[in-house]
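The lines below spell out each chain.
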Amino acid sequence: MSDQIQFIVEKLNQEPFKKNYNLITFDSLESMQLLQLLNDVLGEIDPKHAVDIREELPEQTAKRMLSLLGILKYKPPGSISDLSAFRQGLVTGSKPVIHPVLHWLLQRTNELKKRAYLARFLVKLEVPVEFLQDDTVADINKQYEELMEAFKNLHKECEQLKTSGLSTAEIRRDISAMEEEKDQLVKRVERLKKRVETVQNHQQMLEIARQLRLEKEREESLAQQKQEQKNQLFHAEQRLQRAQLQLKEMHHAVVDSKPESLMKKLEEEINFNSYLVSEKIPRELESKKNSAYFLQKVVAEPAMSQSDLNVLESKINEVNAEMNQLIEKRMMKYEPIDSKFSMYRQQASIISRKKEAKAEELQAAKEEMASTERQMLQKTSQAHELEGSDVLKGDEFKHYVNKLRSKNTFYKKKRLEIAEITAEYGILQRTEELLKQRHEAIQQQLQATEDKKGISGYSYTQEELERVSAVKSEMDEMKGRTLDNMSEMVKKLNAMVAEKKASLAPVIKELRQLRQNCQELTQECDEKKIQYDSCAAGLESNRSTLEQEVKGLLEECVQEESNYRYINCMKRNLEIQLQRAKEEMKAYVSPDPQERRKAIREQYTRMILEQENFGKKLREKQKAVRESHGPNMKQIKMWQDFEQLMECKRECFLKQQNQTAIGQVIQEGGKDRLVL
């Protein structure tokens, strides 16, 4: 915290604040002084907020500061979890609230200045939907959005120019170089004007030159128009080709299809669309409405703390546990009866889920098919632009394949010919090498013969002399032709210079008079420009004052409009409540018993009586159950004893049967022994 305060004090003592604070004086500031200091910092970021907070209400000050902090995207620190507490601290000038805000603002002042500047032009003014029904308001809103987009683009270009790396020194050097070039061009023009003054009919020649320049400009514009028309014609032909391609595809689809298949396809589309309209889309719309309703309820409720959220979570868990218990009881109670129905319900739910999944898959497939068709059209248009031919289909493609095959055979034939020519070329190269070797051998023999005779190098010297003599004769011919051409050119240039001097002499005289007129007009233009600048400065100051007044009036209009909407909504709510109260009073006072039964009071009275009667019946039933509880328990005990007695008898009977069976077996064994 001490580092934070020290940073704030250092920033406030620097430009542009110059507060001359220390840690003690800053810590001893009162709440109003802290608020005024925060307002000064906000006013440095956005000059619109440079006001005295003593001249406005605390609610207005807090609202203004909160709106600017929201535009600057300030988030309260973690210790201030409740937004209402933050607002209250901002209104009262609490130090734990003001100090973090000042620290955050002073850390990034330049960035926030830019953000506040952009917010003046990019924060969109929300226009109610009922106002947009008016065509004039809708057009103005559209122009407003277009201007906002244009401002975004211009701001991006400005930022790119700022960060493009061009320094002021480079720009100054470029400007100085351009000024030097300008001076050189001015001097050159003056020299040319002096030369032109001595030429006769210079005015007529200047007029002809001006007309020639105009005609050339006109020719360039006509050529540009011609090129544009060619481009338009090319694009129109492309559109025509695409339309013809679509028409051809539609014809193919109609020719290949039958009425039964078309009817079946239409029935499938109708069934799918009816399913979407009747089942899927209403269900999704209902879920969206429910979620929007719950979100509106959440927004309308006041801000909740973490403890409130914990309480709500515990309640939700309790309600879920009760629901699970009730579901288990219901299943235990109705399981033997609804076993078949539950099986059918489960199958129906599985089928409905599968149906929804298939519908979504079909919708995705349709979207993918549409995107694929768009891509196909784009690729077709690109192919038309590159090649200028249509995409081949059916018989045309087969014909194209046959053509390619014929070309392939022709290519293979030519390739064999090239191989033969290559082989022949290799033979010729070998022949050339052999001939060169023979030539070198003959040259060596000739040189050896010359050495024997004492005239070595004779053949080489003779060849060089012949070559040099041929080159010398060619050079002599070229020099003669060049001298003749140069002499003729000098004569022509002298004649042209004399003609130009004679024709430009009167032009130069008129040019001197025009130069004097130009100087006078320049002086008059400078005087008018000074008058214009002074008038424009006055008008600019008036315009700025009028803009400030208009901004103030617009803010007042927005405030009054919001008050009007709030009052109108409250009025509608009160009217609805008053209407309901009147209808209730009318129904309650009405002599008609049917109308009186519609009254909410009568309905609640009737429900209370029904619940009381139901409670009486339940109490009577409880009393009867309590009275018969003792005898019923005795009867249960007797039945249990009777059951135990019968069980004992059964066991005794079973034992007796086993014993009699064993005795019979023993007797039969004794009889057998006696017989033996």
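The structure under discussion appears in the preceding block.
Residues numbered from 1 in each chain as written. Predicted model: local features only at pLDDT ≥ 70, side-chain atom pairs only at ≥ 80, totals over all residues. Heavy atoms only, no water.

Asks: Residue-level account of a nonpolar patch on the surface, with values.
Replies: On the surface, a cluster of nonpolar side chains totalling about 420 Å² of accessible area is made up of Ile600, Tyr604, Met607 and Ile608. Assignment of secondary structure puts tyrosine 604 in helix 18 (residues 600-627). The exposure class of tyrosine 604 is exposed, given its relative accessible area of 51%. (Patch = residues over 30% accessible without salt bridge, like charges linked within 9 Å, V, L, I, M, F, W, Y side chains within 5 Å. Areas by Shrake-Rupley, 256 points an atom, 1.4 Å probe, with all protein chains shown as cover. Salt bridge = Lys/Arg side-chain N within 4 Å of Asp/Glu carboxyl O. Helix = DSSP H or I, 4+ residues; strand = E, 2+ residues; numbered from the N terminus. Buried < 20%, exposed > 50% of the residue type's maximum accessible area, 1.4 Å probe, protein only.)

Asks: Break down the packing of aromatic side chains for me, citing the residues and quoting the values.
Replies: Each aromatic ring pair is characterised by the separation of its centres together with the angle its planes make. Applying the stated criterion across every chain yields a total of two aromatic pairs. Aromatic pair tryptophan 639 and phenylalanine 642: ring centres 5.9 Å apart, planes at 90°, arrangement edge-to-face. Note that tryptophan 639 and phenylalanine 642 are positioned in helix 19 (residues 629-675) at a spacing of three residues, about one turn of the helix. What makes tryptophan 639 exposed here is its relative accessible area of 54%. (Phe/Tyr/Trp six-rings, centres within 6.5 Å; stacked < 30°, edge-to-face > 60°.)

Asks: Before we move on, can you summarise the layout of surface pockets with the specific residues and values?
Replies: Of the pockets and cavities examined, the largest pocket occupies roughly 2,500 Å³. Those elements that place two or more of their residues in the lining of the largest pocket are helix 4 (58-71), helix 7 (109-122), helix 9 (135-162) and helix 16 (458-589). Residue contributions to the lining of the largest pocket peak at 15 residues, all from helix 16. Each residue belonging to the lining of the largest pocket can be placed in one class, and the counts come to 22 nonpolar, eight polar and 15 charged. (1 Å grid on protein atoms, 1.4 Å probe; cavity = no way out; pocket = protein on both sides within 12 Å on 5 of 7 lines; lining within 4 Å. Points joined across faces, edges and corners; volume = space filled by probe spheres on them. Nonpolar A, V, L, I, M, F, W, Y, C, P; charged D, E, K, R; others polar.)

Asks: So, the side chain of threonine 61: which residues are in play, and what are the values?
Replies: By the secondary structure assignment, threonine 61 is in helix 4. Under the relative-accessibility criterion, threonine 61 is labelled buried at 6%. Ignoring sequence-local partners within four residues, the contact set of threonine 61 consists of Ile53 and Glu56. (Contact = heavy atoms within 4.5 Å.)

Asks: Now, about the nonpolar core: what can you tell me, with residues and values included?
Replies: Formed by 31 residues in total, the largest nonpolar core has its most connected members in Leu12, Phe26, Leu38, Leu72, Leu102 and Leu105. Contributions of two or more residues to this core are made by helix 1 (2-13), helix 3 (31-45), helix 4, helix 5 (83-92), helix 6 (95-107) and helix 7. In contact with leucine 105, not counting residues within four places along its chain, are Leu38, Val41, Leu42, Ile45, Leu69, Leu72 and Leu112. (Core = buried A, V, L, I, M, F, W, Y, C linked by side-chain atoms within 4.5 Å.)

Asks: Requested: an account of the packing of helix 3 against helix 4, with residues and values cited.
Replies: Contact geometry for helix 3 and helix 4: axes closest at 12 Å, N-to-C directions at 40°. In this view, helix 3 runs oblique relative to helix 4, as classed from their interaxial angle. The crossing of helix 3 and helix 4 is left-handed. Packed against helix 3, whose contacting residues are Leu35, Leu38, Asn39 and Leu42, the element helix 4 presents Arg64, Met65, Leu68 and Leu69 at the interface. (Axes fitted to C-alpha atoms, helices over the stretch in contact; angles between N-to-C directions. Parallel < 35°, antiparallel > 145°, perpendicular 65-115°, else oblique. Left-handed = near helix turned anticlockwise from the far one by under 90°.)

Asks: Outline empty space enclosed by the protein, supporting the account with residue identities and numerical values.
Replies: The tally for this structure, following the rule as stated, stands at one cavity of 30 Å³ or more. Quantified by volume, the largest cavity comes out at close to 30 Å³. What lines the largest cavity is simply Leu35, Pro58, Thr61, Ala62, Met65, Leu90 and Val91. Secondary structure elements with two or more residues in the lining of the largest cavity: helix 4 and helix 5.

Asks: Before we move on, can you summarise a negative patch on the surface with the specific residues and values?
Replies: Taken together, the side chains of Glu179, Glu180, Glu181 and Asp183 present a region of like negative charge at the surface. A residue is classified by how much of its surface remains accessible, and glutamate 179, at 48% relative accessible area, is partly exposed. (Lys, Arg positive; Asp, Glu negative; His and termini not counted. Charge placed at Lys NZ, Arg CZ, Asp CG, Glu CD.)

Asks: Would you mind going over the side chain of histidine 103 in detail, with residue names and values included?
Replies: Secondary-structure assignment places histidine 103 in helix 6. Take histidine 103: its relative accessible area is 18%, and that puts it in the buried class. Those residues within four positions of histidine 103 in sequence are excluded, and the remaining contacts are Gln4, Phe7 and Ile8.

Asks: Can you lay out helix 4 for me, pointing to particular residues and giving the numbers?
Replies: Note: α-helices contain 3.6 residues per turn, so residues at a spacing of three or four share the same orientation. In this model, helix 4 (14 residues) spans 20 Å end to end at C-alpha, consistent with the 20 Å of a helix rising 1.5 Å per residue. Here helix 4 has its buried residues at Thr61, Ala62, Arg64, Met65, Leu68 and Leu69. Buried residues in helix 4, looked at end-on, bunch into an arc of 165°, giving them a common side. Along helix 4, exposed side chains directed more than 90 degrees from the buried face belong to Glu59 and Lys63. The secondary structure elements touched by the buried residues of helix 4 are helix 3, helix 5 and helix 6. Just downstream of helix 4 lies lysine 73, where phi reads positive at about 65°. (Expected span 1.5 Å × (residues − 1). Arc of directions from axis to C-beta.)

Asks: Explain the pattern of salt bridges residue by residue, including any values.
Replies: All told, the structure shown has 13 salt bridges when counted by the stated rule. Residue arginine 543 is joined to glutamate 540 by a salt bridge in which the shortest nitrogen-to-oxygen separation is 2.3 Å. Separated by three residues within a single helix, arginine 543 and glutamate 540 lie in helix 16, roughly one turn from each other. Look at arginine 543 and you get partly exposed, because its relative accessible area is 39%. Between lysine 637 and aspartate 641 there is a salt bridge; the shortest N-O distance is 3.2 Å. With lysine 637 and aspartate 641 both in helix 19 and four residues apart, the pair spans about one turn of that helix. Salt bridges here are not isolated pairs; linked through shared partners, they connect Glu540, Arg543 and Glu547.

Asks: Got a sec to walk through a positive patch on the surface? Specific residues and values, please.
Replies: Side chains of Lys187, Arg188, Arg191, Arg195 and Lys501 sit close together on the surface and give a patch of like positive charge. Relative accessible area serves as the criterion here: at 49%, lysine 501 is assigned to the partly exposed category.

Asks: Quick rundown of the packing of helix 5 against helix 6? Include the residues and the values.
Replies: Here helix 5 crosses helix 6 at 90°, and the two axes come no closer than 8 Å. In terms of their interaxial angle, helix 5 and helix 6 are classed as roughly perpendicular. Counting all contacts with helix 5, which are made through Phe86, Gly89 and Leu90, the residues of helix 6 involved are Val97, Ile98 and Val101. Residues of the contact of helix 5 with helix 6, tallied by class, amount to five nonpolar, one polar and no charged.

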